[in-house]
Amino acid sequence: MPYRSPLTTPRRLLLICAACACLLFTRPAQAQSATYPVRPGDTLAAIAAEHKTSVSAIMRLNNLTDPNLIRPGQQIKLPPGSAAGTALAAPQAAGEPFITPTETTRVYVVQPEDSLTSIAVKFKTTPARLAELNQRSPAAALHVGQPLRVPEVAGLSFQTFQGDDIPTAGNYVVHVLQPGESAASVAQAYGTSLRRTLQLNKINDPSLLKPGMKLIVPPPSFAELFADVAIGPDDFPLYPLIPTQDKWISVDLDHQRTFAWEGSKLIKSFYISSGKARTPTVTGVFRIWGKIAAQRMEGGSRAAGDYYNLPNVQWVQYFYQDYSFHGTYWHHNFGTPMSHGCINMSNEDAKWLYDWASPTVEDYKWHTTGVEDPGTLVVVYQ
């Protein structure tokens, strides 16, 4: 039997124990998440795309409740197995939803009783995917009228526009406030609505905003995009884009004109009289919600000297509250603001528009819009 030093066996045991200890301490390190330092201009969607993971996975790992509340210098844990690389489609701009090249989406307006789950079922997707598309927490509350990006589902139609609160197709932008900037200056710089920007960010007091805070800036509405648009050589507006391929109506208050369209094709135009300076016509994006062939209209104030009581006002189409297109027999000054806010037209023109626009009717009774016939889109701009 070979000679063994009395120290040999203990040393060997010590080496084995040390190796085991290394293994014990090394294995957890392999399963640990890598970290990523947030850079100025980063979004959670961009980080997820760069590292081939998902927004929801990063949010779960970091206990994040709002995907928009990340800051430069913050250390973001990445899921095990994620790596830098090119994903299917990196966002094009800060705040843009993560959408693959083969995916078509559109805007859905949250309705009463909606939940993220019920909307996901309606559009054949999952709540997690909706959260990722909209860069929001699945636990965040929904609000009636809130726009959500949803997958396009063939054969499924729904009303997209509800007043000026609904943006055009475009990108939401996450803007980091710089010294000297305000919510108003940011909204003006992006050509969008200050009111909608404040509503979207749930800001009640804009004076409390500080440099470094993030604002989600909505894209402009059609009314904002059409503001100050020029009239072309063919005597119709040179709109930068078309809101729909269906029937729609535009009202140019500066030029006192109304235009009836089918997609990009101009069908007919009219001279109108909109609201006077004291009673201006509302601007925004709407849909015709009701129509009646004839009715009495009464309003104004006797004390202010603008009281009116007009019987047999014909071809009335309401597009926002009590603002309407209607025929006019008490003046013929079309091309000049004359009304209390409605769109005055000749009876002949008003009847043509009444018969052309949705909802389509076969009698002259009172009609309101429904899901099947949501009413023709109306864009009123200054």
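The structure contained in this document is the topic of the report that follows. None of the values given here were measured: they were computed from a predicted structure. (Residues numbered from 1 in each chain as written. Predicted model: local features only at pLDDT ≥ 70, side-chain atom pairs only at ≥ 80, totals over all residues. Heavy atoms only, no water.)

1. Some thoughts on helix H3 (residues 55–62)
With six of eight residues buried, H3 lies mostly within the body of the structure. Buried within H3 we find Val55, Ser56, Ala57, Ile58, Met59 and Asn62. Residues of H3 that are buried in the fold lie against helix H2 (44–50), strand E2 (75–78) and helix H5 (127–133). The positive-phi residue at the C-terminal boundary of H3 is Asn63, with phi of around 55°. (Buried < 20%, exposed > 50% of the residue type's maximum accessible area, 1.4 Å probe, protein only. Helix = DSSP H or I, 4+ residues; strand = E, 2+ residues; numbered from the N terminus. Contact = heavy atoms within 4.5 Å.)

2. Focus on the nonpolar core
The biggest cluster of nonpolar side chains holds 22 residues, and the ones touching the most others in it are Ile249, Val251, Phe319, Phe325, Met345 and Leu353. Looking at this core, the elements that each hand over two or more residues are strand E7 (247–252), strand E12 (308–320), strand E14 (343–346), helix H9 (347–356) and strand E16 (377–381). The next biggest cluster of nonpolar side chains, apart from the first, holds 13 residues, and it includes Val38, Ala45, Val55 and Ile70. (Core = buried A, V, L, I, M, F, W, Y, C linked by side-chain atoms within 4.5 Å.)

3. What about the sheet that holds E12?
In space, the five strands of this open sheet follow the order E14-E13-E12-E11-E15, with mixed pairing throughout. At either margin of the open sheet sits one strand with a lone partner, and together these are E14 and strand E15 (367–368). Both E12 and strand E13 (residues 323–328) contribute to a ladder of three bridges, which runs antiparallel. When the sheet's bridge partners are listed, Tyr320 is paired in E13 with Tyr323. (Pairing = 2+ DSSP bridges.)

4. Remarks on the sheet that holds E16
Pairing in this open sheet of five strands is mixed, and the strands run E9-E8-E7-E16-E10 from one edge to the other. One side of each edge strand has no neighbouring strand; the edge strands of this open sheet are strand E9 (265–271) and strand E10 (284–287). Direction aside, the axes of adjacent strands within the sheet are offset by 20° on average. Where E7 and strand E8 (residues 257–262) come together, six bridges link them in antiparallel fashion. If you follow Ile249 over to E8, its bridge partner there is Ala260. Sheet strands in contact with H9 are E7, E8 and E9, and its direction is about 145° off that of E9. (Axes fitted to C-alpha atoms, helices over the stretch in contact; angles between N-to-C directions.)

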